Amino acid sequence: MEKLPKLTIPVIVGIILLIILVSKSSVTIDSGHAGVLYQTFGNGVVTDEPPLGEGFHIIAPWNRVFVYEVRQQELSEKMQVLSSNGLEIKLDASAWYQPIYSDVAKLHQEKGEDYLQRVIQPAIRSAARSVVGRYTPEQLYSTKRDAIQEEIFEETKKILDKQYVQLNEILVRDVTLPPTIKDAIERKLKQEQESLEYEFRLVTADKEAQKVRIEAQGKADANAILSASLTDKILQDKGIDATLELAKSPNAKVVVVGSGDSGLPLILGNN
């Protein structure tokens, strides 16, 4: 009975040491993450092997694991850039990015855990300054927002090439101009819209006038052709045809057609 406490203490100590050893020798990688192994007594960061995937891993207690999120992430940036004429423009944009899974170890070795501040943010800001500097405030406000979004994406993507980061999209949420410039642009756009509406009304009215003139000319030409074709002989024949039709009426008694030197009297009657 006296030996029991002496045996229990070393066992308890051994269990505690084992627990500490296991805790130091294991790592659990969550979903959407990858682990970079650092060998303290080896060559440092292991770059010639795939990163540690999701799940439970046993490592030497003297080694370390740096965990990186490899899912798509979002970076929001509010920047102040200059337009082509030197006016200050405020740009509100977002970047969708993620580390390239197979290159996480190289990213850790060359850029470090703060790669977002070292690589991605400077790339976006540089691309935004370059692109916005090509346009006037009016273009940025009205017609070129989609264009600058695409151009910023393409230029940022070029900068991040071979930086072990994948850029998925750049979204420009808002372009803010100085209030005086914005008001001037809105007044100009309103005037242009009113001018276009006035020109449209003028064109419409001109087309209606042309239509009326064409219709009137067509009627005048038809009357001229008809008048030119109605000779005395045609008129006399038309009169005779009309008289014959009238004579067929049961109420008609005597009809005299023709008068003057050009015609002979024609007497028709009913029995």
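Right, let's walk through the structure included here. Note that the structure is predicted; figures quoted are calculated from it, not measured. (Residues numbered from 1 in each chain as written. Predicted model: local features only at pLDDT ≥ 70, side-chain atom pairs only at ≥ 80, totals over all residues. Heavy atoms only, no water.)

1. Structural notes on the pattern of salt bridges
Oppositely charged side chains can form a pair if their charged atoms are brought close together. Basically, it comes down to this: One side-chain nitrogen of Lys or Arg within 4 Å of one carboxyl oxygen of Asp or Glu is enough to make a salt bridge. Where helices and strands are cited, they refer to DSSP runs of H or I of at least four residues and of E of at least two residues respectively, numbered from the N terminus. Summary of the burial criterion: residues with accessible area below 20% of their type's maximum are buried, those above 50% are exposed, and those between are partly exposed, where the area comes from a 1.4 Å probe applied to protein chains only.
For the coordinates displayed, the defined rule picks out eight salt bridges. Put simply, Asp92 and Lys78 hold a salt bridge, and the shortest N to O gap is 3.1 Å. One end of the pair, Asp92, is in strand S7 (residues 88-99); the other, Lys78, is in strand S6 (residues 73-82), with 14 residues separating them in the sequence. Using a relative accessible area of 14% as the deciding quantity, one classes Asp92 as buried. The closest approach of N and O atoms between Asp114 and Arg118, which form a salt bridge, is 3.3 Å. Through salt bridges with shared partners, one network takes in Glu74, Lys78, Asp92 and Arg173.

2. Overview of helix H3 (residues 115-132)
Cut-off, in case you're wondering: Multiply 1.5 Å by the residue count of a helix minus one, and that product is the helix's expected span.
Taking 1.5 Å of rise per residue, the 18 residues of H3 would be expected to cover 26 Å, and the 25 Å separating its terminal C-alpha atoms lies within 8% of that figure. The set of residues buried in H3 consists of Tyr115, Leu116, Val119, Ile120, Gln121, Ala123, Ile124, Ala127, Ala128, Val131 and Val132.

3. A few points about the sheet that holds strand S2 (residues 33-39)
Which entries qualify depends on this criterion: DSSP calls a pair of strands paired once it identifies at least 2 bridges connecting them.
Here we have three strands laid out as an open sheet, ordered S3-S2-S5, and antiparallel in their pairing. Looking at which strands have only one partner, the edges of the open sheet turn out to be strand S3 (44-45) and strand S5 (64-69). Pairing of S2 with S5, which is carried by six bridges, proceeds in the antiparallel orientation. Bridge pairing links Ala34 to Tyr68 in S5.

4. Considerations on the pairing of S7
When you tally the buried positions in S7, you get nine out of 12 residues, the bulk of the element. Across 10 bridges, S6 lies against S7 in antiparallel orientation. The partner of Glu77 across the bridge, within S7, is Ala93. The hairpin formed by S6 and S7 contains five residues between the paired strands, and Gly86 there has a positive phi angle of roughly 85°.

5. Brief notes about the packing of aromatic side chains
We apply this condition: Aromatic pairing here means that ring centres of Phe, Tyr or Trp (its six-membered ring) are within 6.5 Å. Orientation follows from the plane angle: under 30 degrees is stacked, over 60 is edge-to-face, and everything else is tilted.
Counted under the stated rule, the structure contains three aromatic pairs. Arranged with centres 6.3 Å apart and planes meeting at 35°, the rings of Tyr68 and Tyr115 form a pair that is tilted. Note that Tyr68 is positioned in strand S5 and Tyr115 in helix H3, a separation of 47 residues in sequence. Of the residues examined, Tyr68 reaches a relative accessible area of 4% and is grouped as buried. Given a relative accessible area of 6%, Tyr115 falls into the buried group. A ring pair is formed by Tyr97 and Tyr115, whose centres lie 6.5 Å apart and whose planes are at 75°; its orientation type is edge-to-face. With Tyr97 in strand S7 and Tyr115 in helix H3, the pair connects residues that are 18 residues apart, well separated along the chain.

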